[in-house]
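Here is what each chain is made of, one letter per residue.
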Amino acid sequence: MQKFAAEQLSTTPGEFPHVGRAADGATRRVSIGDVSFGGDEFVVIAGPCAVESREQIEASARLVRKAGARVLRGGAFKPRTSPYSFQGLGMEGIEHLRRASLRAGMPFVTEVMSVGDVAELAPRVDAFQVGTRNMHNFALLEELGRQPKPVLLKRGFGATLREWLGAAEYIASGGNLDIILCERGIRSFGDETRFVLDLAGALWAKRESQLPVIVDPSHATGLPGLVDPLARATLACGLDGVMVEAHPTPETALSDRAQALTPDMLSAMIEGLRPIAPAVGREIGSAG
Ligand code: PEP
Ligand code: MN
């Protein structure tokens with residue numbers, strides 16, 4: 001696994017007292033259900049952008065498990081650019097997710113957008129996701145710092161790396177150190193790819209912090225054909241996992257239709273990771 005020498009650090013001791021690099025440079029293990037991030041396993045999280053119906057999320061859970069992914073994703077509260085777009089099924093979607101995840105025997109992560117929903121969600125979810133648009137929502141971060149559930153913290157698409165670690169520090173200083181960082185692309189001037197995947201920034205965060213760092217190549221690119229090679233790059237360079245969007249029938253998806261992997265693409269992506277993992281000291285887990 002990738003190790004960085006302490007003399008390469010650019011943060012100062014005490015700058016990030018809770019999430020900054022550990023004295024021995026080790027990455028903290030953070031578990032979603034029975035799946036551990038930051039250790040030998042390179043973890044694949046997959047699922048649809050949004051929970052659309054009970055049938056859709058159950059079909060998604062089956063396909064995701066069959067492909068070999070370890071954690072299910074799906075949004076029930078969707079932060080859409082337009083208020084007129086599908087906003088998600090809310091708490092009903094959470095119940096569908098719970099059932100699908102139980103049936104598939106795999107844990108799930110789902111986005112929380114509002115402080116007011118945290119208490120109701122906490123006993124129902126395996127992990128909270130903070131989306132790119134809420135990375136600076138400090139009241140939400142503080143509330144998640146008081147929860148006994150892990151948090152997948154996406155980088156704001158306009159946030160610097162230090163702002164990202166600062167957001168993690170808001171959660172950690174409340175007592176919750178179970179944080180996984182997720183680089184999902186930042187905004188630049190081009191629009192040929194949806195965002196710009198900052199792989200160097202993700203590696204910087206891995207080097208400067210003790211938190212596991214994963215990459216979301218689906219939102220970063222918006223292009224399903226680029227997801228597979230970028231997942232391989234993420235593994236090869238020493239990061240801890242990927243989160244990708246996959247849908248049983250992408251052409252009918254209610255959100256982020258264009259970027260969803262088909263079931264076959266997801267399977268091919270995961271198969272493509274398997275030969276790389278041992279070469280970089282990692283393994284690709286499989287559901288028990
Ligand atoms: C998502 O994961 O569905 C999502 C909305 O991602 P982001 O917050 O990175 O845009
Ligand atoms: Mn999405």
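Here the structure is a predicted model, which is why all the values come from computation and not from measurement.

Caption draft 1: Seen up close, empty space enclosed by the protein. Scanning the model with the defined rule gives 1 cavity of 30 Å³ or more in all. Size it by volume and the largest cavity reaches roughly 30 Å³. Among the residues making up the lining of the largest cavity, the classes are represented as 4 nonpolar, 2 polar and 3 charged.

Caption draft 2: Quick look at the coordination of the manganese ion (ligand 2). The coordination sphere of the manganese ion (ligand 2) contains the protein donors Cys49 (SG), His219 (NE2), Glu245 (OE) and Asp256 (OD), at a distance range of 2.0 to 2.4 Å. Counting along the primary sequence, the residues that act as donors to the manganese ion (ligand 2) give the motif C-x169-H-x25-E-x10-D. Linking cysteine 49 in the loop between strand 3 (43-47) and helix 1 (54-67) with glutamate 245 in strand 10 (residues 241-245), this pair joins segments that are 196 residues apart in sequence.

Caption draft 3: Region of interest: the side chain of glutamate 245. Residue glutamate 245 is classed as buried on the basis of its relative accessible area of 2%. Side-chain polar atoms of glutamate 245 contact the side chain of arginine 73, separated by 3.4 Å. Not counting chain neighbours up to four residues away, the residues in contact with glutamate 245 comprise Gly47, Cys49, Arg73, Ser218, His219, Asp256, Gln259, Ala260 and Leu261.

Caption draft 4: Structural view of the pattern of salt bridges. Considering all chains together, one arrives at 18 salt bridges under this definition. Two residues, arginine 155 and aspartate 198, come together in a salt bridge whose shortest N-O distance is 2.9 Å. Of the two residues, arginine 155 sits in the loop between strand 7 (151-154) and helix 5 (161-172) while aspartate 198 sits in the loop between strand 8 (179-183) and helix 6 (199-208), which places them 43 residues apart along the sequence. Each member of the pair, arginine 155 as well as aspartate 198, is classed as buried. Within the structure, one salt-bridge network assembled from shared partners comprises Glu58, Arg99 and Arg103.

Caption draft 5: The arrangement of the layout of surface pockets in detail. In this structure, the largest pocket encloses a volume near 250 Å³. Taken together, 19 residues make up the lining of the largest pocket; nearest its centre are Pro79, Arg133, Arg194, His219 and Asp256. Looking at the lining of the largest pocket, its residues break down into 2 nonpolar, 8 polar and 9 charged.

Caption draft 6: Local environment of the sheet that holds strand 8. What the 8 strands build is a closed barrel, ordered 3-4-5-6-7-8-9-10; its pairing is parallel. Strand after strand, the sheet turns through a mean of 25° between neighbouring axes, direction not considered. Pairing geometry for strand 3 and strand 4 (residues 71-73), over 2 bridges, is parallel. Residue pairing across strands places isoleucine 45 opposite valine 71, the latter belonging to strand 4. Across the sheet, helix 6 is in contact with strand 8 and strand 9 (213-215); its angle to strand 9 comes to roughly 165°.

Caption draft 7: Representation of helix 1. A rise of 1.5 Å per residue sets the reference length of helix 1, with its 14 residues, at 20 Å; its end C-alpha atoms lie 20 Å apart and thus fit the reference within 8%. Buried within helix 1 are the following residues: Gln56, Ile57, Glu58, Ser60, Ala61, Leu63, Val64 and Ala67. Immediately beyond the C-terminal end of helix 1, within one or two residues, lies glycine 68, with a positive phi of roughly 110°.

Caption draft 8: Spotlight on the pairing of strand 10. Counted residue by residue, strand 10 has 5 buried out of 5 residues, so it is predominantly covered. Burial along strand 10 is two-sided: the residues Gly241, Met243 and Glu245 and Val242 and Val244 are all buried. Looking at chain direction, strand 3 and strand 10 are connected through 5 bridges and run parallel. Its bridge partner being in strand 10, isoleucine 45 is matched across the sheet by methionine 243.

About the criteria used
- Residues numbered from 1 in each chain as written.
- Chains lettered and ligands numbered in written order.
- Predicted model: local features only at pLDDT ≥ 70, side-chain atom pairs only at ≥ 80, totals over all residues.
- Heavy atoms only, no water.
- 1 Å grid on protein atoms, 1.4 Å probe; cavity = no way out; pocket = protein on both sides within 12 Å on 5 of 7 lines; lining within 4 Å.
- Points joined across faces, edges and corners; volume = space filled by probe spheres on them.
- Nonpolar A, V, L, I, M, F, W, Y, C, P; charged D, E, K, R; others polar.
- Donors = N, O, S within 2.8 Å, 3.2 Å for Na, K, Ca; no water.
- Helix = DSSP H or I, 4+ residues; strand = E, 2+ residues; numbered from the N terminus.
- Buried < 20%, exposed > 50% of the residue type's maximum accessible area, 1.4 Å probe, protein only.
- Polar contact = N/O pair within 3.5 Å; in protein donor to acceptor, adjacent residues only side chain to side chain.
- Contact = heavy atoms within 4.5 Å.
- Salt bridge = Lys/Arg side-chain N within 4 Å of Asp/Glu carboxyl O.
- Pairing = 2+ DSSP bridges.
- Axes fitted to C-alpha atoms, helices over the stretch in contact; angles between N-to-C directions.
- Expected span 1.5 Å × (residues − 1).

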